[in-house]
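# Geometric and topological summary
As a plain string of letters, each chain reads:
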Amino acid sequence: MANVERYEAPESLPELTQILAEGPATMFAGGTDVVPQMRVGARPVRPTLININRLADLRGISESNGVVRIGGLTSVADILDCAFLKQVASVVVQAADCFASGQVRNAATLGGNICNASPAGDMIIPLLVLDAEVELASWRNACVARRRMPLCDFFTGPGKTCIEDAEVLAAVQFPVPKPHTVGRFRKFGTRPALDIAVVSVGLAGVKENGCFKDARVAFGAVAPTPIRGRNTEAALVHVELDGDRISDIAQVAEQEVSPISDVRASAWYRTHLIRELMERMLHEVHQTRD
Ligand SMILES: Cc1cc2nc3c(=O)[nH]c(=O)nc-3n(C[C@H](O)[C@H](O)[C@H](O)COP(=O)(O)OP(=O)(O)OC[C@H]3O[C@@H](n4cnc5c(N)ncnc54)[C@H](O)[C@@H]3O)c2cc1C
């Protein structure tokens, strides 16, 4: 931190985006990724350090005209406690429930989890299956300009995204899920708590009369970025789920991921886990009434 020359803690989006427009800076929200990364030298510390935690406008969960909006500074703890999300998009709450410890959840933000762009980021998977978009804000022509893009196009590699230096992730939004939407998130770690996912799986879709009318599937920690499972989605829709079909669909999931081996798990084990989690998830969904 020795080379930090300027510290800013703006309280509004215009203030923050104007500071960002002045040149590259190191920005942090909860700091649960940035601080450990800076400590071990995995992240260069720029001369300007910006604490964005005071921007109340970027915090909170709301719904308007059939669209759910979660501010970029909303904490994982706030997501876990949100009765509205539990009711309409429980898959996001399920992921928050698997996330770290209470202490980390209080500090960690949704925007930080997305912008850190870990292939294993827990909150990304449920948002991918809800067809979420990110809203990015910057200072243009003397006012705050906003652009949106699908979350599935946002990631370009491990730790890399399409966000520009002068932009902040203001919010994430997704359509209110249709009636009869089923959502599930499963994560496998080497310990039950406080562990980064070895793999994770998300599923959301409208299920009626034992069939998915539509389905979205996403996988974490099996590719350089979190990914959608398009082949698994295609295999899942308009088929009546039974033991054989579930096994076939889990096999499609297994075949569409190509993870690497690293310190936490071998490629073989990760692939096997994807099949196992998918199969268990589908059996559970099958046994749940529409
Ligand atoms: C003990 C421990 C346990 C953890 N467990 C988990 C876990 O179970 N699952 C999991 O997914 N992660 C886990 N993490 C990682 C981390 O907590 C999350 O990724 C968290 O959501 C990051 O949010 P933050 O607000 O702390 O981000 P920060 O560390 O403040 O920032 C992370 C990155 O995002 C950028 N950023 C932050 N907010 C914005 C914004 N609004 N717009 C643009 N850029 C932004 C920052 O500049 C930085 O590049 C864990 C970390 C620790 C230390």
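That block above? That's the structure.
Residues numbered from 1 in each chain as written. Predicted model: local features only at pLDDT ≥ 70, side-chain atom pairs only at ≥ 80, totals over all residues. Heavy atoms only, no water.

### Some points on the overall build of the chain
How we decide: The helix count covers DSSP runs of H or I at least four residues long, the strand count covers runs of E at least two residues long, and both are numbered beginning at the N terminus. In this description the radius of gyration comes from C-alpha coordinates, and the expected globular size is given by 2.2 Å times residues to the power 0.38. Categorising residues by exposure relies on relative accessible area from a 1.4 Å probe, with only protein chains included: less than 20% of the type maximum marks a residue as buried, more than 50% marks it as exposed, and the intermediate range marks it as partly exposed. Contacts between residues were defined by any pair of non-hydrogen atoms, one from each residue, lying within 4.5 Å. Only the protein chains shown count as cover for residues, and the accessible areas themselves come from Shrake-Rupley with a 1.4 Å probe.
Looking only at helices and strands, the chain has 11 helices and 14 strands in total. Computed over C-alpha atoms, the radius of gyration of the chain comes to 19 Å, within 12% of the 19 Å expected from 2.2 N^0.38 for 290 residues, which places it in the range of a compact globule. Taken along the three principal axes of its C-alpha coordinates, the chain extends 60 × 45 × 30 Å. Residues counted as buried form 48% of the 290 residues belonging to the chain. Contacts in the chain between residues far apart in sequence, at least 24 positions, make up 62% of those at least 6 positions apart. When the accessible surface of the chain is split by element, carbon and sulfur atoms take 49% of a total near 13,400 Å².

### Things to note about the nonpolar core
Our working rule: What makes a nonpolar core is a set of buried Ala, Val, Leu, Ile, Met, Phe, Trp, Tyr and Cys residues whose side-chain atoms join them at distances within 4.5 Å. Delimitation of the domains relies on an automatic or database domain assignment.
Ile 114 and Leu 151 are the most contacted members of the largest nonpolar core, which has 38 residues in total. Only strand E5 (67-71), helix H3 (76-80), helix H5 (90-97), helix H7 (110-116), helix H8 (124-129), strand E6 (133-140) and strand E10 (168-175) provide two or more residues apiece to this core. A domain-level breakdown of this core finds at least three residues from each of domain 2 (57-175) and domain 3 (181-285). Beyond its immediate sequence surroundings of up to four residues, Ile 114 is in contact with Ile 124, Leu 127, Val 134, Leu 151, Phe 154, Phe 155, Thr 161, Leu 169 and Val 172. Val 201, Leu 203, Val 222 and Ile 274 belong to the second-largest nonpolar core, a separate cluster that totals 27 residues.

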